[in-house]
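Fold and contact review
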Amino acid sequence: MIIKVKPLTSCLGNLLSIIRIEREFIKEENTCFRSSKSDISKCLKSMASVGLYENNKLIGFVLAHFTEYGTGYIEKVFVVPELRNKGCMKQMMNESMSLLFKNGVKEVYTMVSPENEVSLKGFVDCGFWYSWGTVYNGKKRLVLKRIDNEACY
Ligand SMILES: CC(C)(COP(=O)(O)OP(=O)(O)OC[C@H]1O[C@@H](n2cnc3c(N)ncnc32)[C@H](O)[C@@H]1OP(=O)(O)O)[C@@H](O)C(=O)NCCC(=O)NCCS
């Protein structure tokens, strides 16, 4: 099995694949929201998002975008169930963070459900830390922030 992480380009095929994958696998909004079409498009256009590919088939992704103020956002991290707990999240996050920092980003935010322990652990291992709690779309969320540029371990 050949698995590669590559930048996600902005094209209809990628947009549709991400929508299809999220519809199939993301069912429980307490732990993870499905992405809106406009959020996916924004992240694909930013050129800071990456895909995980098995023989050219998309099996995971990090959706990220940034602003001209040097602030980046990780909107979504996803890995198909069969490949979880093998380090794919960290591999993709390293690539996406590197693209963000190359584009002048100085601080990166993400939002995680307090019930999503795996995701929380993954982000903390990638240098993110708790900033504040919030409620988004009626669900409790933690806002996490990363300010440096160290590789995930
Ligand atoms: C969250 C998610 C992206 C993690 O992806 P992953 O490739 O499995 O993550 P990694 O293998 O890089 O693991 C990250 C850490 O979490 C741990 N972990 C992963 N799966 C785990 C599990 N099922 N149970 C316990 N720990 C687990 C890993 O052990 C690792 O820590 P370690 O390096 O100390 O061993 C994946 O579970 C997923 O796609 N979930 C559904 C979507 C989601 O919830 N996304 C995040 C919110 S939008």
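Residues numbered from 1 in each chain as written. Predicted model: local features only at pLDDT ≥ 70, side-chain atom pairs only at ≥ 80, totals over all residues.

Along its length, the protein chain carries four helices and seven strands. Along the chain direction, N to C, the helices and strands of the protein chain fall in the order β-α-α-β-β-β-α-β-α-β-β. Here the protein chain has a C-alpha radius of gyration of 14 Å; the compact-globule value for 153 residues is 15 Å, and the two agree. By residue count, 31% of the 153 residues in the protein chain fall in the buried class. (Helix = DSSP H or I, 4+ residues; strand = E, 2+ residues; numbered from the N terminus. Rg over C-alpha atoms; globule rule 2.2 N^0.38 Å. Buried ≥ 20, exposed ≤ 12 C-beta atoms within 10 Å, placed from the backbone.)

Let us now look at the site of the ligand. The environment of the ligand is made up of 20 residues, and the closest members are Cys32, Arg84, Asn85, Cys88 and Met89. The biggest single contributor to the shell around the ligand is helix α4 (residues 117-125), with five residues. Each residue belonging to the shell around the ligand can be placed in one class, and the counts come to eight nonpolar, six polar and six charged. (Near = placed C-beta within 6 Å. Nonpolar A, V, L, I, M, F, W, Y, C, P; charged D, E, K, R; others polar.)

Inside soluble globular proteins, nonpolar side chains tend to come together where they are buried. Grouped together as the largest cluster of nonpolar side chains are 32 residues, with contacts concentrated most on Phe61, Val62, Ala64, Val77, Met92, Met93 and Leu100. Every element with two or more residues in this core is listed here: α2 (37-46), β2 (50-54), β3 (57-66), β4 (71-79), α3 (88-102) and β5 (107-112). A per-element tally of this core places α3 first, with seven residues. Setting aside chain neighbours within four positions, we find Ala64 in contact with Cys43, Ser46, Ala48, Ser49, Gly72, Tyr73, Ile74, Glu75, Ser96 and Leu100. (Core = buried A, V, L, I, M, F, W, Y, C linked by C-beta atoms within 7 Å. Contact = placed C-beta atoms within 7 Å.)

For the rest of this paragraph, the subject is the pairing of strand β6 (residues 129-136). With zero of eight residues buried, β6 lies mostly on the surface of the structure. Following β6, the chain reverses through two residues before pairing antiparallel with strand β7 (residues 139-146); Asn137 in that reversal takes a positive phi of roughly 50°. (Pairing = 2+ DSSP bridges.)

The terminal C-alpha atoms of α3 lie 21 Å apart, and with 15 residues this matches the ideal 21 Å at 1.5 Å per residue to within 8%. When α3 is considered as a whole, its buried residues turn out to be Cys88, Met89, Met92, Met93, Glu95, Ser96, Met97, Leu99 and Leu100. For α3, the elements touching its buried residues are β1 (3-7), β2, β3, β4, β5 and α4. (Expected span 1.5 Å × (residues − 1).)

Assignment of secondary structure puts Lys106 in the loop between α3 and β5. Using a count of 14 C-beta atoms within 10 Å as the deciding quantity, one classes Lys106 as partly exposed. Residues Lys106 and Thr71, 35 residues apart in the sequence, show an inter-C-alpha distance of 6.2 Å. Apart from the residues lying within four places of it in its own chain, the contact partners of Lys106 are Gly70 and Ile147.

In space, the seven strands of this open sheet follow the order β1-β2-β3-β4-β5-β7-β6, with mixed pairing throughout. Where the open sheet ends on each side, the last strands, each with one partner, are β1 and β6. With direction set aside, neighbouring strand axes in the sheet form an average angle of 25°. Two elements, β6 and β7, share seven bridges in a ladder whose sense is antiparallel. Paired with Tyr130 across the two strands is Leu144, which belongs to β7. In the packing of α2 onto the sheet, the strands contacted are β3 and β4, and the crossing angle to β3 comes to about 85°. (Axes fitted to C-alpha atoms, helices over the stretch in contact; angles between N-to-C directions.)

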